[in-house]
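Given next are the chains, with one letter for each unit.
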Amino acid sequence: MGWEWLLRARGSSGGRVSWGWGQGAIHGFRETEIAQWSEESREILQRVRDEAFPPGMSQLSLVHVLDLDKSGYIKPHIDSVKFCGCTIAGLSLLSSSVMRLVSEQNPEDWMDLLLPRRSLYILRGPARYEFTHEILKDEESFFDGQKIPRERRISVICRNLPILPAPT
Ligand code: OGA
Ligand code: MN
């Protein structure tokens, strides 16, 4: 089954779940959430989850798949604290890319992360809550002065659930 088949076109306003990107934070993309994975993929996702989440942490069972085309990019945002917990784990497939983290408090405090294709990143702690993250567009995709060409990129993202406030 190809990705073309799996990924429904979905605009940024038509979704069921919003991860906290304001309107139009992602450009040139399709996305879906997948509950059923092949045996092979399940093994890989389990490795991601084991790496990212401590045992017993309640995780979202749906895995978010985001398919950015070559000219697609993600503007700075912080994932919704209402829908998403303290940890975001993302596999980058097909294309390398550059993720930029910028401090909300002090925008001069920023760093670029090289996300090679087939790598895993984990955002937690201040990187999750105090810094925006973004995926640079092809024209801006440089790391250490070196061009990191952006091709079509598919990311597979696991998140955990926010801890709900205790009922009063
Ligand atoms: C998101 C996001 C990053 C990625 O979907 O909220 O920031 O690696 N994705 O695709
Ligand atoms: Mn995000």
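The following refers to the structure shown. For every chain, the first residue of its written sequence is number 1, and the numbers climb from 1 along that sequence. The lettering of chains begins at A and the numbering of ligands begins at 1, in the order of writing. Where local features are concerned, this predicted model is filtered to residues with pLDDT of at least 70; where side-chain atom pairs are given and counted, the filter is 80 or more; whole-chain, interface and lining totals use all residues. To obtain the side-chain values, all non-hydrogen atoms of the structure were used and water was disregarded.

**Concerning the overall build of the chain**
The cut-off we apply is this: Secondary structure elements follow DSSP: runs of H or I no shorter than four residues count as helices, runs of E no shorter than two count as strands, and numbering proceeds from the N terminus. With a 1.4 Å probe rolled over the protein chains alone, any residue whose accessible area is under 20% of its type maximum counts as buried; one over 50% counts as exposed, and the rest are partly exposed. The contact definition used throughout considers only heavy atoms, calling two residues in contact when any of these lie within 4.5 Å. Shrake-Rupley sampling with a 1.4 Å probe provides the accessible areas, and residues are treated as covered by the protein chains on show and by no other component.
Each helix and strand counted, the chain has three helices and ten strands in total. Tracing the chain from N to C terminus, the helices and strands come up as α-β-α-β-β-β-β-β-α-β-β-β-β. When burial is assessed residue by residue, the chain has 43% of its 168 residues classed as buried. Summarising the internal contacts of the chain: among those between residues at least 6 apart in sequence, 78% fall at separations of at least 24. Carbon and sulfur atoms form 54% of the exposed surface of the chain, whose accessible area is close to 9700 Å².

**Description of the side chain of Arg-128**
Quick note on the threshold: We treat Lys and Arg as the positive residues and Asp and Glu as the negative residues; His and chain ends play no part in the count. Here, a salt bridge means any Lys or Arg side-chain nitrogen found within 4 Å of an Asp or Glu carboxyl oxygen. Polar contacts, as counted here, are pairs of nitrogen or oxygen atoms within 3.5 Å of one another; within protein the pair requires one atom able to donate a hydrogen and one able to accept it, and residues that are adjacent in sequence qualify only if both atoms are side-chain atoms.
Examined against the element boundaries, Arg-128 turns out to sit in helix H3 (residues 126–129). Despite being buried, Arg-128 has no salt bridge partner; Asp-79 is the closest side chain of opposite charge, sitting 5.6 Å away. At a separation of 2.9 Å, a polar atom in the side chain of Arg-128 contacts the main-chain carbonyl oxygen of Asp-79. One polar contact links the side chain of Arg-128 to the main-chain carbonyl oxygen of Cys-84, over a distance of 3.0 Å. Among residues more than four places away in sequence, those in contact with Arg-128 are Ile-78, Asp-79, Ser-80, Val-81, Cys-84, Gly-85, Cys-86, Ile-88 and Leu-123.

**Here we look at the side chain of Glu-134**
Within the secondary structure, Glu-134 sits in strand E7 (residues 131–135). Look at Glu-134: it is buried, it has no salt bridge, and the nearest opposite charge is Arg-100 at 5.0 Å.

**Observations concerning the nonpolar core**
The following threshold applies: What is meant by a nonpolar core is a set of buried Ala, Val, Leu, Ile, Met, Phe, Trp, Tyr and Cys residues, joined one to another through side-chain atoms within 4.5 Å.
By size, the foremost hydrophobic cluster in this structure holds 17 residues, and its most contacted members are Ile-26, Met-99 and Leu-123. Going through the elements one at a time, strand E1 (26–34), strand E2 (63–77), strand E4 (97–103), strand E6 (120–124) and E7 are the ones with two or more residues in this core. Per-element tally for this core: the top contributor is E2, with three residues. Leu-45, Val-48, Phe-53 and Val-63 belong to the second-largest nonpolar core, a separate cluster that totals 13 residues.

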